[in-house]
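Listed here are the chains, written in short residue letters.
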Amino acid sequence: MVKWISPLIGLLILLGGGLLWGHLNQPVALVRVSGELNAYEREAIRDAVSPWLDQGLLRLRLDAVKADIYKLSWPREVTLRRLWPAGLAIDVDREQAVARWGAGGYLSTRGAVMPGQAAGASTLPAFHCALASPQEAMEVYRLLRDALAPVPAEIAVLRESQLGEWVVELRRGNEPGPRVILGRDHLVARMERFVVVYGQVLQKQLDAVRYADARYANGVAVRWDEPLVAFSTEGNYGVGR
């Protein structure tokens, strides 16, 4: 048998529900941001979230808030949850900086530009690129880093000129190394030629090398602290200066 609720009881239920909704749907008064973030990044998240806070905690669209945080480009994973009675918890796992970009900022593993200060910034490679986008520069860096793997040195600086020519500056531990000039084309093949010459000639004398020019078809020209000497990668040659 159907039981009917009197209009008065129904009205009381609606009023009670409305009062409860109004009590629970308070404007957000507290935003708690957690994660390994610097002050700039925390402020950027607060700016992204602020337009949503006046809607009330129950009306807050967490998916839309999360989408606005992701627009900052450097967050990798974002988790939101409501804190009763009037708070919002935001946990952000950020992308890690892998390189310095130009005069300011850093690049993530995805090639996204990240502002602010990065942990261990002084040890990160520096990219100075006149034409390439951050994503293109990151791809060039990865290819050259892999080609350089047999050599106990790493890329300290990656440069691209206005003509699109690439140069890398190497380092061994904390010690600066020589420049390797690669030009515009066949960057990986030219770096591989440098690696061959390193293995045959340079590994015990790298400190005396000013730069290596790998823009040749079958060899590398090495500028020592004294005269310029060329080495072919098609055979074993002695060292001369």
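Residues numbered from 1 in each chain as written. Predicted model: local features only at pLDDT ≥ 70, side-chain atom pairs only at ≥ 80, totals over all residues. Heavy atoms only, no water.

Caption draft 1: Here's a closer look at the overall build of the protein chain. From N to C terminus, the protein chain includes 5 helices and 13 strands. For the protein chain, buried positions account for 41% of its 241 residues. Expressed as a percentage of contacts within the protein chain between residues at least 6 apart in sequence, the contacts between residues at least 24 apart total 48%. A total of about 13,800 Å² of accessible surface is found on the protein chain, and carbon and sulfur atoms cover 55% of it. (Helix = DSSP H or I, 4+ residues; strand = E, 2+ residues; numbered from the N terminus. Buried < 20%, exposed > 50% of the residue type's maximum accessible area, 1.4 Å probe, protein only. Contact = heavy atoms within 4.5 Å. Areas by Shrake-Rupley, 256 points an atom, 1.4 Å probe, with all protein chains shown as cover.)

Caption draft 2: Spotlight on the packing of aromatic side chains. Counted according to the given criterion, the structure contains 2 aromatic pairs. A centroid spacing of 5.2 Å and a plane angle of 50° characterise the contact between F127 and Y141, whose relative ring orientation is tilted. Of this pair, F127 sits in strand β7 (residues 126-129) while Y141 is found in helix α4 (residues 134-147), placing the two residues 14 residues apart along the sequence. (Phe/Tyr/Trp six-rings, centres within 6.5 Å; stacked < 30°, edge-to-face > 60°.)

Caption draft 3: Structural view of the side chain of D213. Along the chain, D213 falls in strand β11 (residues 209-213). A distance of 2.7 Å separates the side chain of D213 from the side chain of R215, its partner in a polar contact. Beyond its immediate stretch of four places on either side in the chain, D213 contacts I181, G219, V220 and A221. (Polar contact = N/O pair within 3.5 Å; in protein donor to acceptor, adjacent residues only side chain to side chain.)

Caption draft 4: Highlighting the sheet that holds strand β3 (residues 87-94). Spatial strand order, β1-β3-β2: 3 strands in an open sheet with mixed pairing. Either end of the sheet is taken by a strand with one partner, and the two such strands are β1 (30-34) and β2 (75-83). Within the sheet, the average angular offset between the axes of one strand and its neighbour, ignoring direction, is 15°. Looking at chain direction, β1 and β3 are connected through 5 bridges and run parallel. (Pairing = 2+ DSSP bridges. Axes fitted to C-alpha atoms, helices over the stretch in contact; angles between N-to-C directions.)

Caption draft 5: Representation of the pattern of salt bridges within the structure. Under the definition given, this model contains 7 salt bridges. Close ionic contact of D146 with R145 constitutes a salt bridge, the shortest N to O distance being 3.6 Å. Judged by relative accessible area, R145 falls into the partly exposed class, the value being 40%. Between R171 and E154 there is a salt bridge, and its shortest N-O distance comes to 2.9 Å. Of this pair, R171 sits in strand β9 (residues 166-172) while E154 sits in strand β8 (residues 154-160), placing them 17 residues apart in sequence. (Salt bridge = Lys/Arg side-chain N within 4 Å of Asp/Glu carboxyl O.)

Caption draft 6: Structural detail: the pairing of strand β10 (residues 175-183). Examined bridge by bridge, β9 and β10 share 6 bridges and lie antiparallel to one another. Considered in β10, the bridge of R172 is made with E175. Where β9 hands over to β10, the hairpin turn is made up of 2 residues, of which G173 adopts a positive phi near 65°. Direction of pairing for β10 relative to β11: parallel, over a ladder of 3 bridges. In the strand pairing of β11, V180 is matched with A212.

Caption draft 7: Examining the nonpolar core more closely. Grouped together as the largest cluster of nonpolar side chains are 38 residues, with contacts concentrated most on F127, L144, L158, V168 and L202. A total of 8 residues in this core trace back to one element, the largest contributor, which is helix α5 (residues 187-202). Counting 24 residues, the second largest nonpolar core, distinct from the first, contains V33, I45, V92 and L124. (Core = buried A, V, L, I, M, F, W, Y, C linked by side-chain atoms within 4.5 Å.)

Caption draft 8: Broad picture of α4. Relative to the 20 Å expected for 14 residues at 1.5 Å per residue, α4 spans 20 Å between its end C-alpha atoms, a close match to the ideal helical length. Within the span of α4, buried status applies to P134, A137, M138, V140, Y141, L144 and A147. (Expected span 1.5 Å × (residues − 1).)

Caption draft 9: Local environment of the environment of Q96. If you trace the backbone, Q96 turns up in the loop between β3 and β4 (97-101). With a relative accessible area of 43%, Q96 lands in the partly exposed category. It is 9.2 Å that separates the C-alpha atoms of Q96 and Y106, two residues lying 10 residues apart in sequence. Each residue touching Q96, except ones within four places of it in the same chain, is listed here: L107, S108, T109 and M114.

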